[in-house]
Every structure is written in C-alpha cells, then in structure tokens.
Amino acid sequence: SGFFFFFQKRAKNWVEVGALNYKVGENAPAPFSYYGIKEVDLFAPGMKIYSTMPNNEYAPLQGTSMASPVVAGVAATIRSVFPALSAEQVKEVLMKSVTPVTDDVKLPGSKTDKINFSKLSVSGGVVNLDKALNYAASLKGKNKVKESKA
C-alpha cells in the first residue's frame with residue numbers, strides 16, 4: 001500500500017498504478033501487482049519493460065515501478081499538448097480514457113482465484129494515450145498559460 005494510504009488521505013491528483021502483464025486473458029494482471037477497487041486507479045504495462053541498467057546496459061524489468069512511468073509519460077504528454085489542464089484534470093483524463101477490461105483474470109498473487117479485471121482498480125482499465133488525448137481535447141483547461149517569447 002502506498003504511503004498516503006497509511007493516513008487514508010491522498011492528493012486529488014495522486015494516481016496509484018497496477019502492473020499489467022504482457023500476456024492477455026486470465027493472465028492480464030501481473031502476478032505480483034498491487035490491486036484494489038479503492039486502492040489502485042488504473043493499470044499500465046509493467047512486465048518485461050526494457051529499461052536502462054548500470055554500465056550502459058539494458059534489461060527487461062518488471063514491477064509497478066515500470067508501470068508508473070508509463071502513466072507518467074501519458075500524463076506528461078497530455079500536459080504538453082494541453083498545458084491549460086490542471087493536474088486534477090489530467091487525472092480525470094487518465095481515469096476516464098482507459099481501455100476497459102472485463103475479462104475474468106487470475107487474482108494477483110493467486111494461482112487459482114479469479115476476479116473480473118474491472119474489480120482490480122477504480123477505473124477497471126488500462127491507460128490509453130490515444131483515448132486520453134481525445135478526451136483531453138474536449139475539456140476546458142483551468143490553468144492560465146503564459147505565451148512563450150521565441
């Protein structure tokens with residue numbers, strides 16, 4: 001559980017991310033992923049993510065530490081294209097633009113128990129950049145944007 005859950009409070013723009021497997025169907029959630037319809041907001045790819053390593057090397061890694069940067073990248077793209085959106089609006093975009101998954105899947109941490117993927121997180125889905133940008137285009141930003149002088 002995240003640090004903020006200990007105190008049962010979190011920022012309105014805080015996003016908790018579950019790790020998605022590269023497999024589909026009943027194996028869609030990563031077997032080690034954190035999950036919960038009240039605790040996790042959405043899922044993102046988190047297994048076999050090609051990542052940097054010491055000594056100029058690369059290796060496939062896994063974890064919510066790999067899934068969270070995927071969501072951060074989508075959020076950064078949204079803010080770069082729509083700078084007037086507030087952080088809370090970006091979270092709204094992330095949550096409302098997921099690709100929903102309705103398959104019955106293995107409960108992370110179990111070899112036999114199954115649950116509907118939609119019950120593993122608040123959104124019931126996987127982050128989707130294309131849908132996020134389309135949804136963001138429909139919102140009016142709450143931030144004032146200064147024009148840069150080039």
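Quick caveat, the model's predicted, so the values are computed rather than measured.

Draft legend 1. View of the nonpolar core. Leu42, Val71, Ile78, Leu94 and Val127 are the most contacted members of the largest nonpolar core, which has 20 residues in total. When contributions to this core are tallied by element, the ones reaching two or more residues are strand 1 (17-20), strand 2 (42-45), helix 2 (64-81), helix 3 (87-96) and helix 4 (129-136). Ignoring any residue separated from it by four or fewer positions in sequence, one finds valine 71 in contact with Val15, Val17, Leu42, Ala44, Leu94 and Val127. Core analysis: the second largest hydrophobic core is formed by ten residues, Leu20, Val40, Val105 and Leu120 among them.

Draft legend 2. Layout of the pairing of strand 3 (residues 49-53). Alignment of strand 3 against strand 4 (residues 57-61), held across five bridges, turns out to be antiparallel. Bridged to methionine 53 within strand 4 is glutamate 57.

Draft legend 3. Geometry of the side chain of serine 97. In this structure, serine 97 sits in the loop between helix 3 and strand 5 (99-100). A distance of 2.6 Å separates the side chain of serine 97 from the backbone oxygen of valine 93, its partner in a polar contact.

Draft legend 4. Here's a closer look at the packing of aromatic side chains. The full count for this structure, using the stated rule, is two aromatic pairs. Their ring planes at 55° and their centres at 4.9 Å tell us that phenylalanine 43 and phenylalanine 117 sit as a pair that is tilted. Taken as a pair, phenylalanine 43 in strand 2 and phenylalanine 117 in the loop between strand 7 (114-116) and strand 8 (125-126) lie far apart in primary sequence, 74 residues in all. Residue phenylalanine 117 is classed as buried on the basis of its relative accessible area, which comes to 0%. An angle of 15° between the planes, with centres 5.5 Å apart, marks the rings of tyrosine 50 and tyrosine 58 as stacked.

Draft legend 5. Looking closely at the packing of helix 2 against helix 4. Across the interface, helix 2 lies against helix 4 with an axial gap of 10 Å and an inter-helix angle of 30°. In terms of axis orientation, helix 2 runs roughly parallel to helix 4. Helix 2 and helix 4 meet at a crossing whose hand is right-handed. Residues Val74, Thr77, Ile78 and Val81 of helix 2 form the contact with helix 4, whose own contacting residues are Leu129, Ala132, Leu133 and Ala136.

Rules used throughout
Residues numbered from 1 in each chain as written. Predicted model: local features only at pLDDT ≥ 70, side-chain atom pairs only at ≥ 80, totals over all residues. Heavy atoms only, no water. Core = buried A, V, L, I, M, F, W, Y, C linked by side-chain atoms within 4.5 Å. Buried < 20%, exposed > 50% of the residue type's maximum accessible area, 1.4 Å probe, protein only. Helix = DSSP H or I, 4+ residues; strand = E, 2+ residues; numbered from the N terminus. Contact = heavy atoms within 4.5 Å. Pairing = 2+ DSSP bridges. Polar contact = N/O pair within 3.5 Å; in protein donor to acceptor, adjacent residues only side chain to side chain. Phe/Tyr/Trp six-rings, centres within 6.5 Å; stacked < 30°, edge-to-face > 60°. Axes fitted to C-alpha atoms, helices over the stretch in contact; angles between N-to-C directions. Parallel < 35°, antiparallel > 145°, perpendicular 65-115°, else oblique. Left-handed = near helix turned anticlockwise from the far one by under 90°.

Read these as spatial facts, not as claims about activity.
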